[in-house]
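# Summary of the model geometry
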Amino acid sequence: MSRVLITGITGQDGGYLAERLLAEGDEVHGMVHSGDDAAAGFLAGHPGIALHDGDLGDSAGLSRVVEAVGPDEIYNLGGISSVAFSWEQPVLTAELSGVAAAVVFQSALQLQERAGRRVAVVQASSSEIFGDAAESPQDEETPVRPVSPYGAAKAYAHHIAGVYRSRGLHVASCILFNHESPRRPTTFVTRKITSAAARIGLTGTGVLSLGNLDARRDWGWAPDYVDAMVRAARHESPDDFVVATGTSHSVSDFVRSAFPRVGIEDLPAHLETDEAFVRPVDAPELVGNATKARREPQLRPTLSFEEIVDRRVDHDLATLGEGG
Ligand code: G4F
């Protein structure tokens, strides 16, 4: 049994991770900040998890949580997760998604040295670090070249993970490409599309407004990526691992797969573009080469793109059909 601390436990990945580790008999602790409205509901739905007050923006408090829990494993999933929002709050993004990682690593190293045992850390890195990528697909050696405040913050966290690894901390940086589930909020494009498809499919009316339809992303299934993080934490040697499916689709491909699922073929009648959703800079294509992760910690995607779209649309249809 491992004692595990998760930052960002109330998010999509944090929830799947906590459920998986609890089911395996691990002792699960999560850090939540006082403004996290999801915390009370999360605790009610997950008895057995210990929640600790802490804020990624408060270095001393964050260190105290690591110290108090004394974990064997730390998953640093917290921070700003929306690339679009990072353009509105670049400094906050740098603090929560960048600098806080250094505090986590420093606290873990101090705990490791004091306790005389390994403290394994997983940093949830992001394909956004590649930004306007120098090559396609991207792998662990692709130059880091972010084009968004979010990508720049994650790039710092990714680099400082390497620094602490060289100091003897078992820190794996999992470079996660887009990964989706019904738990995604509608601020992300896939959920925005599937919830609109369900609504328009049921009512026969409505228009979906999107930004850049040409952006290509490598969309995987979130529980697979959580599995990858656990395997990376427990892999004998810490490293950087690209976690991806290896296939990219455009935003308009996603729309073209989702709408027919609800019986809508006349896309132009229900789709428009709106400049308000276009970002100042948007990486044109992010697609990962996960050969290394598949070879070493043996990561495997379980769902295809089409299965992911279908499951998501079906979930939103069922939710709406139940009056949700
Ligand atoms: O769904 P998105 O907002 O996800 P994004 O920006 O790729 O970020 C997600 O994946 C990253 C991994 O690469 C994570 F690190 C990050 O935390 C997050 O999970 O946007 C996907 C694409 C973008 O190109 C965006 O410009 O969809 C495009 N898009 C087009 N119209 C839109 C919209 N995105 C959103 N959110 N809303 C739109 O209306």
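See above for the structure.
An account of the accompanying structure is given in this report. This structure is a prediction, so every number in the text was calculated from the model and none was measured. Residue positions within a chain follow its written sequence, with the count starting from 1. It should be noted that, the model being predicted, local features are given only for residues of pLDDT at least 70 and side-chain atom pairs only at 80 or more, the latter also being counted only at that level, while totals for whole chains, interfaces and linings use all residues. Remark: hydrogens and water are excluded; side-chain values derive from all non-hydrogen atoms of the structure.

### Brief notes about the overall build of the protein
- If you tally the helices and strands in the protein, you get 11 helices and 14 strands.
- C-alpha atoms define the radius of gyration, and 2.2 Å times the number of residues to the power 0.38 defines the globule rule. Whereas a compact globule of 324 residues would reach a radius of gyration of roughly 20 Å, the protein reaches 20 Å, a difference of no more than 12%.
- Taking the principal axes of its C-alpha atoms as reference, the protein extends roughly 65 × 45 × 35 Å.
- When a residue's accessible area, from a 1.4 Å probe over protein chains only, is under 20% of the maximum for its type it is buried; when over 50% it is exposed; and in between it is partly exposed. Relative to its full complement of 324 residues, the protein shows a buried share of 53%.
- The charge count includes Lys and Arg as positive and Asp and Glu as negative, but it does not include His or the ends of the chains. Charged side chains are reduced to one point each, which is NZ for Lys, CZ for Arg, CG for Asp and CD for Glu. With 28 positive and 45 negative side-chain charges, the protein shows a separation of 4 Å between the mean positions of the two kinds. For the purposes of this entry, the term helix denotes a DSSP run of H or I that reaches at least four residues, the term strand denotes a run of E that reaches at least two, and both are numbered from the N terminus.

### Overview of the site of the ligand
- We call a residue near a molecule or strand whenever a single non-hydrogen atom of that residue lies within 4 Å of it. S81, S126, S127, Y150 and R279 are the nearest of the 21 residues found near the ligand.
- Two N or O atoms count as a polar contact when they lie within 3.5 Å, although within protein this holds only if one can serve as hydrogen donor and the other as acceptor, and sequence-adjacent residues are included solely when both atoms are side-chain atoms. The contact in question runs from an oxygen atom of the ligand to an N or O atom on the side chain of S127, over 2.4 Å.
- Taking V189, its main chain carries an N or O atom lying 2.8 Å from an oxygen atom of the ligand.
- All accessibility values rest on the Shrake-Rupley procedure with a 1.4 Å probe; residue burial counts only the protein chains present in the view. The protein chains hide 96% of the 720 Å² of surface that the ligand would expose on its own.
- Three residue categories are used. Nonpolar comprises Ala, Val, Leu, Ile, Met, Phe, Trp, Tyr, Cys and Pro, charged comprises Asp, Glu, Lys and Arg, and polar comprises the others, including Gly. Counted by class, the shell around the ligand contains nine nonpolar, seven polar and five charged residues.

### A word on helix α8 (residues 222–234)
- Between its first and last C-alpha atoms α8 spans 19 Å; for 13 residues at 1.5 Å apiece the expected length is 18 Å, and the two agree.
- Taking burial as the measure, the 13 residues of α8 include 10 buried ones, the bulk of the element.
- Buried within α8 we find A222, D224, Y225, V226, D227, A228, M229, V230, A232 and A233. Expected helix span is computed as 1.5 Å times (number of residues minus one).

### As for the packing of helix α1 (residues 12–23) against α8
- Axis separation between α1 and α8 bottoms out at 9 Å; the angle between their running directions is 60°. In terms of their interaxial angle, α1 and α8 are classed as oblique. As for how α1 packs across α8, the hand of that crossing is right-handed. Counted together, Q12, D13, Y16, L17, R20 and L21 of α1 and A222, P223, V226, D227, M229, V230 and R234 of α8 form the full contact between these two elements.
- When grouped by side-chain class, the residues that make up the contact of α1 with α8 number eight nonpolar, one polar and four charged. Lines fitted to C-alpha atoms define the axes here, with helix axes fitted over just the stretch in contact, and angles between the N-to-C directions of these axes take values from 0 to 180 degrees. Roughly parallel means an angle under 35 degrees; roughly antiparallel means over 145; roughly perpendicular covers 65 to 115; every other angle is labelled oblique. By convention, the crossing between two helices is left-handed when the near helix turns anticlockwise from the far helix through less than a right angle, and right-handed when the turn is clockwise. The contact rule is simple, with two residues in contact once any of their heavy atoms fall within 4.5 Å.

### Some thoughts on the environment of E140
- Positionally, E140 belongs in the loop between β5 (120–126) and α6 (149–166).
- E140 sits in the buried class, given a relative accessible area of 13%.
- Through-space distance from the C-alpha of E140 to that of S173 is 9.9 Å; in sequence the pair is 33 residues apart.
- Look past the residues within four positions of E140 in its chain and what remains in contact with it is D240, F241, V242, N289, K292 and A293.
- Only 2.8 Å separates the side chain of E140 from the backbone nitrogen of V242, close enough to count as a polar contact.

### Notes on the nonpolar core
- The criterion is simple. A nonpolar core is a set of buried Ala, Val, Leu, Ile, Met, Phe, Trp, Tyr and Cys residues joined through side-chain atoms within 4.5 Å. Within the largest apolar cluster, 31 residues are counted, with the highest numbers of intra-cluster contacts made by I6, I9, L17, L21, Y75 and M229.
- Of all the elements in the fold, those that place two or more residues in this core are β1 (3–7), α1, β2 (27–32), α2 (38–45), β5, β6 (170–176), α8 and β11 (240–243).
- Considering each element in turn, this core owes the most residues, eight residues, to α8.
- In contact with M229, other than residues within four places in its own chain, are D13, Y75, L77, V122, A124, C174 and L176.
- Core analysis: the next-biggest nonpolar cluster, separate from the first, contains 27 residues, V69, V103, F105 and V121 among them.

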